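# Understanding the architecture of this molecule
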Amino acid sequence: MNLQQLRYVVATAEHRTMTDAARSLYIAQPALSRAIRDLERELGMTLFARSGRGVVVTAQGRRVVKLAKEALEAVSEIEALATTTHTGGGELRIASPPTLESGLAGRLLPAYVAEHPGVRVQIVRSDGRDGVVHAIREQRADLGLTDLPVPADLVSHPLERQEIVLISPPGLELPDTVPMIRLNGMRLILPPMGSARRREFDQLFATYGVRPIVAAETDERGGWHTVVRTASASLLWYRGTADQAVRAGLVVRSLDPPLRRVIALVHARRRLTVVAQDFLTLAETGRAM
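Read on for a plain summary of the structure. This is a predicted model, so every value here is computed, not measured. (Residues numbered from 1 in each chain as written. Predicted model: local features only at pLDDT ≥ 70, side-chain atom pairs only at ≥ 80, totals over all residues. Heavy atoms only, no water.)

## Brief notes about helix α3 (residues 29-43)
Quick reminder of the rule: Secondary structure elements are taken from DSSP: a helix is a run of H or I of four residues or more, a strand is a run of E of two residues or more, and numbering for both begins at the N terminus. For a helix, the expected span equals 1.5 Å multiplied by the number of residues minus one. Three exposure classes are used, based on accessible area relative to the maximum for each residue type with a 1.4 Å probe and protein chains only: buried under 20%, partly exposed in between, and exposed over 50%. Throughout, the arc means the angular range of directions from the helix axis out to the C-beta atoms. Contact between two residues is taken to exist if any of their heavy atoms lie within 4.5 Å; hydrogens are not considered.
Between its first and last C-alpha atoms α3 spans 21 Å; for 15 residues at 1.5 Å apiece the expected length is 21 Å, and the two agree. Within the sequence span of α3, burial applies to Leu32, Ser33, Ala35, Ile36, Leu39 and Glu40. In a view along the axis of α3, the buried residues occupy a sector of 160°, so they form one face of it. Next to the buried residues of α3 lie α1 (3-15), α2 (18-25) and β1 (48-51). Residue Gly44 follows α3 closely and has a positive phi angle near 70°.

## Thoughts on the packing of α1 against α2
How we decide: Only the stretch in contact is used when fitting a helix axis, every axis being a line fitted to C-alpha atoms; angles between N-to-C directions are given from 0 to 180 degrees. Note on terminology: angles under 35 degrees are roughly parallel, angles over 145 are roughly antiparallel, angles of 65 to 115 are roughly perpendicular, and the others are oblique. The sense of a crossing depends on the near helix, which, turned anticlockwise from the far helix by less than a right angle, makes the crossing left-handed and, turned clockwise, makes it right-handed. Only Asp, Glu, Lys and Arg are considered charged, only Ala, Val, Leu, Ile, Met, Phe, Trp, Tyr, Cys and Pro nonpolar, and every remaining residue, Gly among them, polar.
Put simply, α1 and α2 touch, their axes get as near as 8 Å, and they point 130° apart. In this view, α1 runs oblique relative to α2, as classed from their interaxial angle. Considering only the axes of α1 and α2, their crossing is right-handed. Listed contacts from α2 to Arg7, Tyr8, Ala11, Thr12 and His15 of α1 are Met18, Asp20, Ala21, Ser24 and Leu25. The residue inventory of the contact of α1 with α2, partitioned by class, reads five nonpolar, three polar and two charged.

In structure tokens form, the structure reads like this:
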């Protein structure tokens, strides 16, 4: 069995008709049919059975198709490795919600780009965890940075556990550690209504039986410390990026009970590109969040 035959098997399985498979391979349909028959004789098994005008994959054929896809993916990875080695370049797309972008851009990316200056990195801004999952499933991103849990069809690599803290303007009469019940009636800055992140906050509030006052709704995290001051309202944020709040003269407090989220890199259950694997290795080794 050679690479050409592997491509024939995969194309036939995906299109379910010899005509469509041949068209995708830019060969004549009779030539494809002969090639499949020759391969079946060579292997001593039936890979495809006729069904009306199309074909169905047999039980043995499904196993062969799975192995053929893995072999072709491995060849593509080797070719990508050769290209990356020769050019020193490549592209890496990482999906991230706004809440984690600063950690990604401020810590992980500089370390990666320093080691891989030829790789072009694109941050795919996503609406919360659901947005990250969709970006990966739709192959708009190679990796995703999000809090857990994620659906079982994705692979997760935990990086660290981050505390969620309350960031407030100075002058509020609050204890150093704020009981969750104190959020009841408190002016908070929240993500827009209907967003994935807002649904998570609403679920959190329902769990603790609190109803905060929505002082502002925004998903623009670039100037959030300004919004905290102008709206005289508090914000729930990750401890790892709260140093910006301290520099801006805001007050950072823990919550009781403490809220923590596991931050992870996630990806689809398929072989990663070389550049994505390099990034994952660096992140897991350095825990640079």
